[in-house]
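One-letter residues, chain by chain:
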Amino acid sequence: MSDNWVHIVGGGLAGSEAAWQALRQGCKVRLYEMRPKKLTPAHKTGLLAELVCSNSLKSLNEGSAPGLLKREMELLDSLVVKAAKEARVPAGQALAVDREQFSGIISKTLQNNPNFELVEDEVSSLPTEDELLKSGDCWIVSSGPLTSNDLSKELLKLCGEEDELHFYDAIAPVIEGDSINRSVVYSASRWQEGEGDYLNIPLNKDQYNAFVDEVIAAEKMPLHDFEDVKYFESCLPIEVMIERGRDTLRFGPMKPSGLNDPATGRWAYANIQLRMEDREGAMYSMVGFQTKMKWPEQKRIFRTLPGLENAEFFKLGSVHRNTYLNSPKVLTDDLSFKRNRRILLAGQITGVEGYTESAAMGLLAGRAAAAKVLGKAAAAMPPQETMMGSLLSHVVSGGRGDYSPMNANLGLLPTIPKKRGVSKADRKAEQCSRAFEKFQDFSSTI
Ligand SMILES: Cc1cc2nc3c(=O)[nH]c(=O)nc-3n(C[C@H](O)[C@H](O)[C@H](O)COP(=O)(O)OP(=O)(O)OC[C@H]3O[C@@H](n4cnc5c(N)ncnc54)[C@H](O)[C@@H]3O)c2cc1C
(Lines give C-alpha, C1' and ligand atoms only; values in the text may rest on other atoms or scores of the structure.)
Protein backbone atom coordinates (compact mmCIF):
# COMPACT_ATOMS: atom_id res chain seq x y z
CA MET A 1 0.00 0.00 0.00
CA SER A 2 1.47 3.34 -1.08
CA ASP A 3 1.47 6.17 1.45
CA ASN A 4 0.98 8.57 -1.38
CA TRP A 5 -2.48 9.68 -2.29
CA VAL A 6 -4.54 10.02 -5.42
CA HIS A 7 -6.75 13.09 -4.86
CA ILE A 8 -9.83 13.33 -7.04
CA VAL A 9 -11.94 16.46 -7.57
CA GLY A 10 -15.57 15.60 -8.37
CA GLY A 11 -17.49 12.45 -7.42
CA GLY A 12 -19.47 12.07 -10.64
CA LEU A 13 -19.30 9.21 -13.12
CA ALA A 14 -15.63 9.79 -13.97
CA GLY A 15 -14.38 10.59 -10.46
CA SER A 16 -16.08 7.54 -8.95
CA GLU A 17 -14.69 5.21 -11.61
CA ALA A 18 -11.21 6.78 -11.27
CA ALA A 19 -11.35 6.29 -7.49
CA TRP A 20 -12.28 2.62 -7.87
CA GLN A 21 -9.50 1.97 -10.37
CA ALA A 22 -6.85 3.67 -8.21
CA LEU A 23 -8.02 1.69 -5.14
CA ARG A 24 -7.80 -1.54 -7.14
CA GLN A 25 -4.20 -0.74 -7.97
CA GLY A 26 -3.38 -0.34 -4.26
CA CYS A 27 -3.52 3.45 -3.79
CA LYS A 28 -5.14 5.55 -1.12
CA VAL A 29 -7.80 7.81 -2.54
CA ARG A 30 -9.21 11.11 -1.26
CA LEU A 31 -12.27 12.22 -3.22
CA TYR A 32 -13.47 15.84 -2.92
CA GLU A 33 -17.13 16.38 -3.78
CA MET A 34 -18.82 19.73 -3.19
CA ARG A 35 -22.34 18.21 -3.04
CA PRO A 36 -24.55 18.21 -1.01
CA LYS A 37 -23.11 21.44 0.51
CA LYS A 38 -23.05 23.09 -2.89
CA LEU A 39 -25.23 21.67 -5.66
CA THR A 40 -24.70 22.24 -9.37
CA PRO A 41 -27.67 23.51 -11.43
CA ALA A 42 -28.47 19.89 -12.41
CA HIS A 43 -27.50 17.64 -9.46
CA LYS A 44 -30.07 17.11 -6.71
CA THR A 45 -28.41 14.75 -4.19
CA GLY A 46 -25.20 14.18 -2.29
CA LEU A 47 -24.76 10.71 -3.79
CA LEU A 48 -21.70 9.85 -5.84
CA ALA A 49 -22.18 9.18 -9.57
CA GLU A 50 -25.55 10.94 -9.76
CA LEU A 51 -27.19 10.75 -13.20
CA VAL A 52 -28.38 14.27 -13.95
CA CYS A 53 -30.73 13.55 -16.84
CA SER A 54 -31.68 10.34 -18.65
CA ASN A 55 -31.44 7.10 -16.65
CA SER A 56 -30.00 5.25 -19.66
CA LEU A 57 -26.36 4.27 -20.22
CA LYS A 58 -27.35 3.45 -23.80
CA SER A 59 -27.29 0.14 -25.65
CA LEU A 60 -25.84 -3.17 -24.52
CA ASN A 61 -25.95 -4.49 -28.08
CA GLU A 62 -22.52 -6.00 -28.76
CA GLY A 63 -22.67 -4.75 -32.35
CA SER A 64 -23.03 -1.10 -31.29
CA ALA A 65 -20.49 1.45 -30.11
CA PRO A 66 -22.02 1.96 -26.64
CA GLY A 67 -22.30 -1.82 -26.20
CA LEU A 68 -18.67 -2.29 -27.20
CA LEU A 69 -17.48 0.45 -24.83
CA LYS A 70 -19.22 -1.19 -21.88
CA ARG A 71 -17.79 -4.62 -22.76
CA GLU A 72 -14.29 -3.14 -22.84
CA MET A 73 -14.81 -1.39 -19.52
CA GLU A 74 -16.05 -4.61 -17.94
CA LEU A 75 -12.79 -6.30 -18.87
CA LEU A 76 -11.08 -3.73 -16.64
CA ASP A 77 -13.58 -4.32 -13.83
CA SER A 78 -15.49 -1.05 -14.25
CA LEU A 79 -17.48 -0.13 -11.15
CA VAL A 80 -19.89 2.06 -13.16
CA VAL A 81 -20.85 -0.75 -15.56
CA LYS A 82 -21.11 -3.28 -12.74
CA ALA A 83 -23.38 -1.00 -10.68
CA ALA A 84 -25.51 -0.22 -13.74
CA LYS A 85 -26.10 -3.90 -14.40
CA GLU A 86 -27.07 -4.46 -10.76
CA ALA A 87 -29.52 -1.52 -10.84
CA ARG A 88 -30.94 -2.28 -14.29
CA VAL A 89 -34.60 -1.54 -15.17
CA PRO A 90 -36.36 -2.93 -18.28
CA ALA A 91 -35.62 -0.78 -21.39
CA GLY A 92 -35.18 -3.15 -24.34
CA GLN A 93 -31.52 -3.34 -25.31
CA ALA A 94 -30.66 -0.16 -23.42
CA LEU A 95 -28.88 -0.34 -20.06
CA ALA A 96 -31.31 1.86 -18.13
CA VAL A 97 -31.03 2.00 -14.34
CA ASP A 98 -32.91 2.85 -11.20
CA ARG A 99 -30.87 5.99 -10.59
CA GLU A 100 -30.93 5.97 -6.77
CA GLN A 101 -29.96 2.33 -6.60
CA PHE A 102 -27.16 2.89 -9.14
CA SER A 103 -25.62 5.83 -7.25
CA GLY A 104 -26.21 4.05 -3.94
CA ILE A 105 -24.21 0.99 -5.03
CA ILE A 106 -21.31 3.16 -6.18
CA SER A 107 -21.32 5.35 -3.05
CA LYS A 108 -21.41 2.30 -0.75
CA THR A 109 -18.73 0.38 -2.63
CA LEU A 110 -16.29 3.26 -2.40
CA GLN A 111 -17.13 4.27 1.16
CA ASN A 112 -16.78 0.71 2.41
CA ASN A 113 -13.16 0.64 1.20
CA PRO A 114 -10.77 1.41 4.10
CA ASN A 115 -8.37 3.24 1.76
CA PHE A 116 -11.05 5.68 0.57
CA GLU A 117 -11.83 9.07 2.09
CA LEU A 118 -14.66 11.36 1.04
CA VAL A 119 -14.23 15.09 1.67
CA GLU A 120 -17.47 17.01 1.16
CA ASP A 121 -15.94 20.31 0.05
CA GLU A 122 -15.43 22.42 -3.00
CA VAL A 123 -11.89 22.53 -4.39
CA SER A 124 -10.93 25.92 -5.77
CA SER A 125 -7.15 25.65 -6.07
CA LEU A 126 -4.73 22.93 -7.13
CA PRO A 127 -1.16 22.18 -5.95
CA THR A 128 1.89 22.97 -8.09
CA GLU A 129 3.92 20.27 -9.81
CA ASP A 130 6.84 20.88 -7.42
CA GLU A 131 4.58 20.39 -4.41
CA LEU A 132 3.24 17.16 -5.87
CA LEU A 133 6.66 15.81 -6.77
CA LYS A 134 7.68 16.43 -3.17
CA SER A 135 4.63 14.71 -1.66
CA GLY A 136 4.46 11.94 -4.26
CA ASP A 137 0.73 12.57 -4.66
CA CYS A 138 -1.29 12.93 -7.85
CA TRP A 139 -4.55 14.75 -8.56
CA ILE A 140 -7.34 13.98 -11.00
CA VAL A 141 -9.78 16.71 -11.96
CA SER A 142 -13.15 15.24 -12.94
CA SER A 143 -15.42 18.11 -12.04
CA GLY A 144 -17.69 17.65 -15.05
CA PRO A 145 -19.74 19.87 -17.34
CA LEU A 146 -20.87 22.00 -14.38
CA THR A 147 -17.45 22.66 -12.84
CA SER A 148 -17.62 25.40 -10.21
CA ASN A 149 -16.47 28.86 -11.24
CA ASP A 150 -13.42 29.10 -8.99
CA LEU A 151 -12.10 25.75 -10.15
CA SER A 152 -12.71 26.75 -13.78
CA LYS A 153 -10.47 29.77 -13.21
CA GLU A 154 -7.80 27.54 -11.67
CA LEU A 155 -7.99 25.18 -14.65
CA LEU A 156 -7.48 28.11 -17.00
CA LYS A 157 -4.07 28.63 -15.36
CA LEU A 158 -3.15 25.06 -16.33
CA CYS A 159 -4.32 25.68 -19.89
CA GLY A 160 -2.18 28.73 -20.33
CA GLU A 161 -4.65 30.44 -22.62
CA GLU A 162 -8.39 30.99 -22.86
CA ASP A 163 -8.90 27.37 -23.88
CA GLU A 164 -11.91 26.68 -21.72
CA LEU A 165 -15.17 26.68 -23.64
CA HIS A 166 -18.75 26.95 -22.42
CA PHE A 167 -21.93 25.84 -24.05
CA TYR A 168 -25.37 24.60 -23.15
CA ASP A 169 -27.21 21.30 -23.04
CA ALA A 170 -30.93 20.57 -22.72
CA ILE A 171 -32.83 18.00 -20.58
CA ALA A 172 -36.10 16.14 -21.33
CA PRO A 173 -39.34 16.17 -19.28
CA VAL A 174 -40.26 13.31 -16.91
CA ILE A 175 -43.94 12.35 -16.53
CA GLU A 176 -45.75 10.67 -13.62
CA GLY A 177 -46.50 7.13 -14.82
CA ASP A 178 -50.05 6.92 -13.51
CA SER A 179 -51.04 10.20 -15.16
CA ILE A 180 -50.55 8.65 -18.62
CA ASN A 181 -53.75 7.37 -20.30
CA ARG A 182 -52.87 3.69 -20.97
CA SER A 183 -55.95 3.15 -23.12
CA VAL A 184 -54.46 5.56 -25.69
CA VAL A 185 -50.71 4.84 -25.62
CA TYR A 186 -49.38 1.33 -26.28
CA SER A 187 -46.37 -0.69 -25.09
CA ALA A 188 -43.75 -1.81 -27.62
CA SER A 189 -40.02 -1.75 -28.27
CA ARG A 190 -38.78 -0.70 -31.69
CA TRP A 191 -38.36 -3.72 -34.01
CA GLN A 192 -39.84 -5.89 -31.22
CA GLU A 193 -36.51 -5.82 -29.37
CA GLY A 194 -37.08 -6.37 -25.64
CA GLU A 195 -40.38 -6.90 -23.85
CA GLY A 196 -42.32 -3.89 -25.09
CA ASP A 197 -40.64 -1.70 -22.54
CA TYR A 198 -41.56 1.69 -24.02
CA LEU A 199 -44.92 3.46 -24.05
CA ASN A 200 -45.67 4.83 -27.53
CA ILE A 201 -47.77 7.74 -28.70
CA PRO A 202 -48.53 7.33 -32.43
CA LEU A 203 -49.42 10.52 -34.34
CA ASN A 204 -51.09 10.97 -37.72
CA LYS A 205 -50.01 13.70 -40.13
CA ASP A 206 -52.47 16.31 -38.83
CA GLN A 207 -51.57 15.63 -35.21
CA TYR A 208 -47.84 15.86 -36.03
CA ASN A 209 -48.23 19.16 -37.88
CA ALA A 210 -50.38 20.63 -35.12
CA PHE A 211 -47.70 19.68 -32.57
CA VAL A 212 -44.91 21.20 -34.65
CA ASP A 213 -46.93 24.45 -35.03
CA GLU A 214 -47.41 24.62 -31.26
CA VAL A 215 -43.67 24.19 -30.62
CA ILE A 216 -42.80 26.86 -33.20
CA ALA A 217 -45.21 29.33 -31.60
CA ALA A 218 -44.29 28.49 -27.98
CA GLU A 219 -42.53 30.98 -25.74
CA LYS A 220 -38.92 29.92 -25.19
CA MET A 221 -36.54 30.67 -22.32
CA PRO A 222 -34.75 33.96 -22.99
CA LEU A 223 -31.30 33.54 -24.51
CA HIS A 224 -29.54 36.48 -22.85
CA ASP A 225 -27.22 34.19 -20.84
CA PHE A 226 -26.52 31.94 -23.74
CA GLU A 227 -25.40 34.19 -26.54
CA ASP A 228 -22.99 31.81 -28.20
CA VAL A 229 -25.22 28.74 -27.92
CA LYS A 230 -23.73 25.45 -29.15
CA TYR A 231 -25.59 22.21 -28.31
CA PHE A 232 -24.49 18.55 -28.30
CA GLU A 233 -25.61 17.21 -31.66
CA SER A 234 -26.99 14.13 -29.89
CA CYS A 235 -28.97 16.20 -27.37
CA LEU A 236 -30.58 18.97 -29.46
CA PRO A 237 -33.70 20.70 -28.13
CA ILE A 238 -36.79 19.81 -30.18
CA GLU A 239 -37.35 23.42 -31.22
CA VAL A 240 -33.80 23.61 -32.58
CA MET A 241 -34.45 20.42 -34.58
CA ILE A 242 -37.64 21.95 -35.99
CA GLU A 243 -35.65 25.02 -37.07
CA ARG A 244 -33.67 22.64 -39.29
CA GLY A 245 -36.82 21.49 -41.06
CA ARG A 246 -40.44 20.63 -40.33
CA ASP A 247 -39.83 16.91 -40.69
CA THR A 248 -36.58 16.70 -38.69
CA LEU A 249 -38.39 15.38 -35.59
CA ARG A 250 -40.09 12.67 -37.65
CA PHE A 251 -36.66 11.41 -38.66
CA GLY A 252 -35.19 11.92 -35.19
CA PRO A 253 -36.77 11.36 -31.76
CA MET A 254 -40.28 11.01 -33.27
CA LYS A 255 -39.37 8.42 -35.87
CA PRO A 256 -42.10 5.77 -36.24
CA SER A 257 -39.94 3.04 -37.81
CA GLY A 258 -40.16 -0.47 -36.36
CA LEU A 259 -43.33 0.36 -34.37
CA ASN A 260 -46.64 -1.05 -35.60
CA ASP A 261 -49.51 1.06 -34.30
CA PRO A 262 -52.06 -1.53 -33.00
CA ALA A 263 -54.91 0.70 -34.25
CA THR A 264 -53.80 0.46 -37.91
CA GLY A 265 -51.28 -2.40 -37.95
CA ARG A 266 -48.85 0.03 -39.67
CA TRP A 267 -46.14 2.51 -38.70
CA ALA A 268 -47.68 5.84 -37.69
CA TYR A 269 -46.72 9.14 -39.37
CA ALA A 270 -44.68 9.99 -36.27
CA ASN A 271 -44.24 8.40 -32.85
CA ILE A 272 -43.20 9.62 -29.41
CA GLN A 273 -41.59 7.13 -27.02
CA LEU A 274 -41.79 7.24 -23.23
CA ARG A 275 -39.09 5.34 -21.33
CA MET A 276 -39.40 3.96 -17.80
CA GLU A 277 -37.19 5.83 -15.33
CA ASP A 278 -37.60 3.50 -12.35
CA ARG A 279 -38.44 -0.15 -11.75
CA GLU A 280 -42.01 0.52 -10.65
CA GLY A 281 -42.87 2.60 -13.71
CA ALA A 282 -43.69 5.61 -11.57
CA MET A 283 -41.76 7.90 -13.90
CA TYR A 284 -41.49 8.03 -17.67
CA SER A 285 -39.19 10.31 -19.64
CA MET A 286 -40.04 11.66 -23.09
CA VAL A 287 -37.23 10.19 -25.18
CA GLY A 288 -35.24 12.86 -27.05
CA PHE A 289 -37.57 15.67 -25.92
CA GLN A 290 -34.98 18.10 -24.58
CA THR A 291 -36.44 21.59 -24.78
CA LYS A 292 -36.01 25.18 -23.74
CA MET A 293 -39.69 26.07 -24.07
CA LYS A 294 -41.00 27.89 -21.00
CA TRP A 295 -42.40 25.48 -18.38
CA PRO A 296 -46.10 26.49 -18.60
CA GLU A 297 -45.82 26.17 -22.38
CA GLN A 298 -44.32 22.69 -22.07
CA LYS A 299 -47.20 21.54 -19.86
CA ARG A 300 -49.82 23.05 -22.17
CA ILE A 301 -48.30 21.68 -25.38
CA PHE A 302 -47.39 18.19 -24.15
CA ARG A 303 -50.94 17.83 -22.76
CA THR A 304 -52.29 18.28 -26.30
CA LEU A 305 -50.69 14.90 -27.18
CA PRO A 306 -52.94 11.79 -27.18
CA GLY A 307 -52.67 9.97 -23.86
CA LEU A 308 -51.01 12.92 -22.11
CA GLU A 309 -54.17 15.02 -21.65
CA ASN A 310 -53.85 14.72 -17.87
CA ALA A 311 -50.08 14.30 -17.67
CA GLU A 312 -48.34 15.43 -14.49
CA PHE A 313 -44.65 16.21 -14.71
CA PHE A 314 -41.93 15.30 -12.22
CA LYS A 315 -39.50 17.35 -14.23
CA LEU A 316 -39.77 19.68 -17.20
CA GLY A 317 -37.18 20.21 -19.90
CA SER A 318 -34.49 22.83 -19.31
CA VAL A 319 -31.14 24.13 -20.53
CA HIS A 320 -27.78 23.81 -18.77
CA ARG A 321 -24.15 24.76 -19.09
CA ASN A 322 -21.44 22.42 -20.28
CA THR A 323 -17.72 23.01 -19.73
CA TYR A 324 -14.84 21.28 -21.44
CA LEU A 325 -11.19 22.02 -22.12
CA ASN A 326 -9.29 21.99 -25.37
CA SER A 327 -7.65 18.74 -24.30
CA PRO A 328 -5.49 18.01 -27.38
CA LYS A 329 -3.74 21.33 -26.74
CA VAL A 330 -3.30 21.07 -22.99
CA LEU A 331 -2.97 17.35 -22.17
CA THR A 332 -0.31 14.69 -22.76
CA ASP A 333 -1.02 11.11 -23.86
CA ASP A 334 -1.71 9.92 -20.31
CA LEU A 335 -4.36 12.62 -19.64
CA SER A 336 -1.98 14.68 -17.49
CA PHE A 337 -1.56 18.41 -18.07
CA LYS A 338 1.47 19.49 -20.09
CA ARG A 339 1.95 22.23 -17.47
CA ASN A 340 1.68 19.84 -14.50
CA ARG A 341 2.30 16.14 -15.15
CA ARG A 342 0.99 15.20 -11.67
CA ILE A 343 -2.51 16.51 -12.40
CA LEU A 344 -4.74 14.52 -14.75
CA LEU A 345 -8.06 15.40 -16.34
CA ALA A 346 -10.99 12.94 -16.58
CA GLY A 347 -14.63 12.74 -17.60
CA GLN A 348 -16.80 14.97 -19.69
CA ILE A 349 -14.55 17.99 -19.11
CA THR A 350 -11.92 16.29 -21.33
CA GLY A 351 -14.30 16.60 -24.31
CA VAL A 352 -16.10 13.27 -24.31
CA GLU A 353 -19.86 13.22 -24.23
CA GLY A 354 -22.09 10.95 -22.15
CA TYR A 355 -22.19 9.03 -18.90
CA THR A 356 -20.30 5.93 -20.04
CA GLU A 357 -17.74 7.84 -22.09
CA SER A 358 -17.02 10.05 -19.07
CA ALA A 359 -16.65 7.01 -16.81
CA ALA A 360 -14.29 5.45 -19.39
CA MET A 361 -12.00 8.48 -19.21
CA GLY A 362 -12.16 8.21 -15.41
CA LEU A 363 -11.14 4.57 -15.65
CA LEU A 364 -8.05 5.43 -17.71
CA ALA A 365 -7.10 8.44 -15.58
CA GLY A 366 -7.45 6.37 -12.38
CA ARG A 367 -5.07 3.73 -13.71
CA ALA A 368 -2.60 6.33 -15.01
CA ALA A 369 -2.55 8.29 -11.75
CA ALA A 370 -2.09 5.09 -9.74
CA ALA A 371 0.97 4.12 -11.80
CA LYS A 372 2.53 7.53 -11.10
CA VAL A 373 1.82 7.41 -7.38
CA LEU A 374 3.10 3.85 -7.02
CA GLY A 375 6.27 4.74 -8.96
CA LYS A 376 5.52 2.14 -11.63
CA ALA A 377 6.08 2.38 -15.38
CA ALA A 378 3.47 4.53 -17.11
CA ALA A 379 0.10 2.75 -17.32
CA ALA A 380 -0.50 1.14 -20.71
CA MET A 381 -3.29 2.81 -22.67
CA PRO A 382 -5.67 0.87 -24.96
CA PRO A 383 -4.88 0.90 -28.69
CA GLN A 384 -6.70 3.27 -31.01
CA GLU A 385 -8.53 0.39 -32.75
CA THR A 386 -10.62 -0.12 -29.59
CA MET A 387 -13.55 2.05 -28.51
CA MET A 388 -11.85 3.28 -25.36
CA GLY A 389 -8.58 3.82 -27.21
CA SER A 390 -10.29 5.78 -29.98
CA LEU A 391 -12.02 8.05 -27.47
CA LEU A 392 -8.71 8.61 -25.71
CA SER A 393 -7.13 9.40 -29.05
CA HIS A 394 -9.85 11.97 -29.74
CA VAL A 395 -9.13 13.59 -26.38
CA VAL A 396 -5.37 13.75 -26.61
CA SER A 397 -4.99 14.23 -30.37
CA GLY A 398 -8.28 15.80 -31.48
CA GLY A 399 -9.79 15.45 -34.90
CA ARG A 400 -10.08 17.76 -37.85
CA GLY A 401 -11.18 21.36 -37.30
CA ASP A 402 -12.14 22.85 -33.95
CA TYR A 403 -12.05 20.48 -31.00
CA SER A 404 -15.54 19.46 -29.95
CA PRO A 405 -17.02 16.76 -27.66
CA MET A 406 -17.31 13.20 -28.95
CA ASN A 407 -19.42 10.24 -27.93
CA ALA A 408 -18.67 6.55 -28.57
CA ASN A 409 -19.46 5.82 -32.21
CA LEU A 410 -18.27 3.36 -34.82
CA GLY A 411 -16.96 6.18 -37.01
CA LEU A 412 -13.99 6.32 -34.62
CA LEU A 413 -12.93 2.75 -35.48
CA PRO A 414 -11.21 1.42 -38.62
CA THR A 415 -13.90 0.79 -41.23
CA ILE A 416 -14.78 -2.59 -42.79
CA PRO A 417 -14.97 -2.29 -46.59
CA LYS A 418 -18.41 -2.88 -48.17
CA LYS A 419 -18.85 -6.39 -49.54
CA ARG A 420 -21.68 -7.68 -51.71
CA GLY A 421 -24.14 -9.71 -49.63
CA VAL A 422 -22.82 -8.35 -46.31
CA SER A 423 -25.36 -6.10 -44.57
CA LYS A 424 -24.53 -2.86 -42.77
CA ALA A 425 -25.48 -4.48 -39.47
CA ASP A 426 -23.07 -7.36 -40.14
CA ARG A 427 -20.27 -4.93 -40.97
CA LYS A 428 -20.92 -3.05 -37.73
CA ALA A 429 -20.87 -6.33 -35.80
CA GLU A 430 -17.57 -7.23 -37.45
CA GLN A 431 -16.09 -3.81 -36.59
CA CYS A 432 -17.10 -4.31 -32.95
CA SER A 433 -15.84 -7.85 -32.68
CA ARG A 434 -12.44 -6.85 -34.16
CA ALA A 435 -12.17 -3.96 -31.72
CA PHE A 436 -13.14 -6.19 -28.81
CA GLU A 437 -10.51 -8.78 -29.77
CA LYS A 438 -7.90 -5.99 -29.79
CA PHE A 439 -9.09 -4.93 -26.36
CA GLN A 440 -8.87 -8.49 -25.07
CA ASP A 441 -5.27 -8.69 -26.31
CA PHE A 442 -4.52 -5.38 -24.61
CA SER A 443 -6.14 -6.32 -21.31
CA SER A 444 -4.34 -9.66 -21.19
CA THR A 445 -0.98 -7.84 -21.22
CA ILE A 446 -1.60 -5.42 -18.34
C1 LIG B 1 -28.19 19.08 -17.84
C2 LIG B 1 -27.37 17.96 -18.34
C3 LIG B 1 -27.99 16.86 -18.90
C4 LIG B 1 -27.24 15.78 -19.36
N5 LIG B 1 -27.86 14.68 -19.86
C6 LIG B 1 -27.16 13.57 -20.20
C7 LIG B 1 -27.81 12.39 -20.62
O8 LIG B 1 -29.02 12.31 -20.68
N9 LIG B 1 -27.05 11.31 -20.94
C10 LIG B 1 -25.70 11.36 -20.87
O11 LIG B 1 -25.07 10.33 -21.16
N12 LIG B 1 -25.07 12.48 -20.47
C13 LIG B 1 -25.76 13.59 -20.14
N14 LIG B 1 -25.13 14.74 -19.74
C15 LIG B 1 -23.73 14.74 -19.65
C16 LIG B 1 -23.39 14.13 -18.28
O17 LIG B 1 -23.48 15.10 -17.28
C18 LIG B 1 -22.04 13.60 -18.31
O19 LIG B 1 -21.92 12.69 -19.36
C20 LIG B 1 -21.57 12.92 -17.04
O21 LIG B 1 -22.31 13.19 -15.89
C22 LIG B 1 -20.19 13.45 -16.88
O23 LIG B 1 -19.56 12.77 -15.88
P24 LIG B 1 -18.42 13.54 -15.09
O25 LIG B 1 -17.99 12.65 -14.01
O26 LIG B 1 -17.43 14.06 -16.04
O27 LIG B 1 -19.17 14.81 -14.46
P28 LIG B 1 -20.32 14.81 -13.36
O29 LIG B 1 -21.03 13.53 -13.36
O30 LIG B 1 -21.07 16.06 -13.56
O31 LIG B 1 -19.50 14.92 -12.00
C32 LIG B 1 -18.74 16.03 -11.67
C33 LIG B 1 -18.82 16.22 -10.17
O34 LIG B 1 -17.89 17.23 -9.79
C35 LIG B 1 -18.47 18.00 -8.76
N36 LIG B 1 -17.74 19.28 -8.72
C37 LIG B 1 -17.76 20.28 -9.64
N38 LIG B 1 -16.91 21.27 -9.30
C39 LIG B 1 -16.34 20.88 -8.12
C40 LIG B 1 -15.38 21.47 -7.26
N41 LIG B 1 -14.81 22.64 -7.52
N42 LIG B 1 -15.02 20.82 -6.12
C43 LIG B 1 -15.60 19.60 -5.83
N44 LIG B 1 -16.52 19.01 -6.61
C45 LIG B 1 -16.88 19.63 -7.75
C46 LIG B 1 -19.92 18.07 -9.13
O47 LIG B 1 -20.72 18.33 -8.01
C48 LIG B 1 -20.17 16.67 -9.70
O49 LIG B 1 -20.62 15.78 -8.73
C50 LIG B 1 -25.84 15.84 -19.28
C51 LIG B 1 -25.22 16.96 -18.74
C52 LIG B 1 -25.97 18.01 -18.26
C53 LIG B 1 -25.28 19.18 -17.67
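- By the naming in an unreviewed UniProt entry, the chain is Methylenetetrahydrofolate--tRNA-(uracil-5-)-methyltransferase TrmFO, taken from Pseudobacteriovorax antillogorgiicola.
- Here the chain is described in UniProt, under the heading Sequence similarities (unreviewed entry), as follows: "Belongs to the MnmG family. TrmFO subfamily."

## Considerations on the site of the ligand
In step 1: Taken together, 35 residues form the shell around the ligand, and within it Glu33, Ser148, Gln348, Gly354 and Tyr355 come nearest.
In step 2: The separation between a nitrogen atom of the ligand and a polar main-chain atom of Met34 is 3.3 Å.
In step 3: Bound to the protein, the ligand loses 96% of the 970 Å² it would expose on its own.
In step 4: Sorting the residues of the shell around the ligand by element identifies α1 (13-24), β8 (165-171), β17 (318-324) and α11 (355-373) as the ones contributing at least two each.

## Some points on the packing of aromatic side chains
In step 1: One pass over the full model with this rule turns up eight aromatic pairs.
In step 2: Ring centres of Phe211 and Phe289 lie 6.0 Å apart, and the angle between their planes is 35°; this geometry places the pair in the tilted category. Residue Phe211 is located in helix α7 (residues 205-217), and its partner Phe289 is located in the loop between β15 (283-286) and α9 (295-302); the two are separated by 78 residues in the primary sequence.
In step 3: Assessed through its relative accessible area of 0%, Phe289 is described here as buried.
In step 4: Members of the aromatic cluster, connected to one another through ring pairs, are Phe211, Phe289, Phe302 and Phe313.
In step 5: Lying across the ring of Phe436, Arg71 places its NZ or CZ 3.8 Å from the centre.

## Observations regarding the domain arrangement of the chain
In step 1: Domain annotation of the chain identifies domain 1 (5-164 + 325-444) and domain 2 (170-320).
In step 2: Put simply, the middle of domain 1 and the middle of domain 2, counted by C-alpha atoms, are 30 Å apart.
In step 3: Listed as interface residues are 24 residues of domain 1 and, on the opposing side, 16 residues of domain 2.
In step 4: In total, domain 1 and domain 2 occlude about 1600 Å² of area from one another, counting both sides; carbon and sulfur atoms represent 49% of this.
In step 5: On the domain 1 side of the interface with domain 2, the three residues burying the most area are Cys53, Pro90 and Glu353, jointly 26% of the side's total.
In step 6: Linking domain 1 with domain 2 are zero salt bridges, by the criterion used here.

Conventions we followed
- Residues numbered from 1 in each chain as written.
- Predicted model: local features only at pLDDT ≥ 70, side-chain atom pairs only at ≥ 80, totals over all residues.
- Heavy atoms only, no water.
- UniProt positions renumbered as here; feature names shortened; annotations may be inferred.
- Near = heavy atom within 4 Å.
- Polar contact = N/O pair within 3.5 Å; in protein donor to acceptor, adjacent residues only side chain to side chain.
- Areas by Shrake-Rupley, 256 points an atom, 1.4 Å probe, with all protein chains shown as cover.
- Helix = DSSP H or I, 4+ residues; strand = E, 2+ residues; numbered from the N terminus.
- Phe/Tyr/Trp six-rings, centres within 6.5 Å; stacked < 30°, edge-to-face > 60°.
- Buried < 20%, exposed > 50% of the residue type's maximum accessible area, 1.4 Å probe, protein only.
- Lys NZ or Arg CZ within 6 Å of the ring centre and 35° of its normal.
- Domains from an automatic or database assignment.
- Contact = heavy atoms within 4.5 Å.
- Buried area = accessible area lost by both parts, 1.4 Å probe.
- Salt bridge = Lys/Arg side-chain N within 4 Å of Asp/Glu carboxyl O.

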